[in-house]
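Structure assessment
Chain by chain, the residues:
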Amino acid sequence: MSSKLSIFKTGSIDIAPLLIPVIPFGIIFGAIGIELGFSPLMTYATSLIIFGGASQIVFIQLLSGGASSLVAITSVGVINSRHFLYGAVLTEYLEKLSLVKKLLISYLITDQTFAVSNKFFKSQNVKNNKHYHLLGAGITLWTTWQVTTIIGILLGSIVPEEWGLKFAIPLTFLAIIINEFRKLDHVLVMLISGISSLIFFDVPFKAYIIITPFIGLFSALIIIKIKDSQ
Amino acid sequence: MSWLSIIIAGLITYFTRFSMITFVNGKMLNRKIRLVLSYVPSTVFPAIIFPAVFFNDYGNLVEASDPKIFGILAAIIIGYFSKNIIATIISGLIVYWIFIF
């Protein structure tokens, strides 16, 4: 029992640094929702039902800009399709769970929880209850996102846009992969992916977010082939 | 924004989360697939980072002297040497703020 709790706590602690940008991001999202003219209840509902920061912002931006629901929904799907990749990586660590537990824990998979829990699963040789790490990280992040969305809704447009807090978003994602900067092959994949995202940025439906991983993983495959043949 | 569109967007997002975990067995993934998947963070996150840094709000390329460029460079350098997530984010923000204010 204590080991479950301690693994849960480790998850909460591991995710803590990544919450720093989530807090302003959640507040900004809540404020933007109100600013774009959505009701407080609907703005909050996206945080509860979709629970995916970047996709929520795109969703409300598109709808407020007059896009059809179909386009907005498709964009959410495309942006969040990266979860397929996270799930494919995490599944081997979660395969012993029952179907119901799998379905419940899946709701908590995000960029941040994937980053910290995958690192934990790979490095720690814990046999049982390792999914409590994902639970700890996920529930901590989820609570933060819900609370900050509500704060943002309450603050409305008080947060000055000049603070440029949006810039915390790329910085968060950079911080997540900063350790991979020591591996030349990863840096190469990052550059190829980054440049591809710029090239395909204007493709409709924000599809660059799914085109880029295909290009990035294809180049990773080539890199692996070259390394293997050496 | 209708309730129906929020719910459908939520269901699709949930599907992206549970489908692999529920339907794919870890043993179905061989060494090579796992090796390729280990590059997932290195390909997905740059796709979020690059447009956010190199494009402005209107989707045009920013100038080389844009505060965001200095911010991200500072974050890369500090992050590389400190290996610390907080230091990476804070250094990037501070340098960015120095240039915008």
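Residues numbered from 1 in each chain as written. Chains lettered and ligands numbered in written order. Predicted model: local features only at pLDDT ≥ 70, side-chain atom pairs only at ≥ 80, totals over all residues.

Let's shift gears to the packing of helix α2 (residues 40–49) of chain A against helix α8 (residues 131–155) of chain A. Residues and elements named next belong to chain A. Direction vectors running N to C along α2 and α8 enclose 160°, while the axes themselves pass 10 Å from each other. In terms of axis orientation, α2 runs roughly antiparallel to α8. For the element pair α2 and α8, the recorded crossing hand is right-handed. Residue-level inspection shows P40, T43, Y44, S47 and L48 of α2 in contact with α8, the latter providing W145, Q146, T149, I150 and I153. Here the residues of the contact of α2 with α8 sort into 6 nonpolar, 4 polar and no charged. (Axes fitted to C-alpha atoms, helices over the stretch in contact; angles between N-to-C directions. Helix = DSSP H or I, 4+ residues; strand = E, 2+ residues; numbered from the N terminus. Parallel < 35°, antiparallel > 145°, perpendicular 65-115°, else oblique. Left-handed = near helix turned anticlockwise from the far one by under 90°. Contact = placed C-beta atoms within 7 Å. Nonpolar A, V, L, I, M, F, W, Y, C, P; charged D, E, K, R; others polar.)

All right, on to unusual backbone geometry then. The backbone phi angle of N129(A) is positive, close to 60°, even though this residue is not glycine. On the secondary structure map, N129(A) appears in the loop between α7 (111–123) and α8. With a phi angle near 55°, K83(B) is a residue other than glycine that sits in the positive phi range. Take K83(B): it is sitting in the loop between α4 (67–82) and α5 (85–100).

This part takes up the domain arrangement of chain B. By the assigned domains, chain B splits into domain 1 (1–32) and domain 2 (39–101). Averaged C-alpha coordinates put domain 1 of chain B and domain 2 of chain B at centres separated by 30 Å. (Domains from an automatic or database assignment.)

Before going further, it helps to examine the interface of chain A and chain B. Contacts between the two partners involve 76 residues from chain A, matched on the other side by 59 residues from chain B. Per element, the largest residue contribution to the side of chain A that touches chain B is 11 residues, and it comes from helix α5 (residues 82–94) of chain A. Looking at side-chain class alone, the side of chain A that touches chain B contains 50 nonpolar, 20 polar and 6 charged residues.

Residues and elements named next belong to chain A. Contact geometry of α7 with α8 gives a least axis separation of 9 Å together with a crossing angle of 160°. Judged on the interaxial angle alone, α8 and α7 are roughly antiparallel. Between α7 and α8 the crossing geometry is right-handed. Residues Q112, T113, V116, S117 and F120 of α7 lie in contact with α8, whose contacting residues are H133, L134, A137, G138 and L141. Along the lines of polarity and charge, the residues of the contact of α7 with α8 split into 5 nonpolar, 5 polar and no charged.

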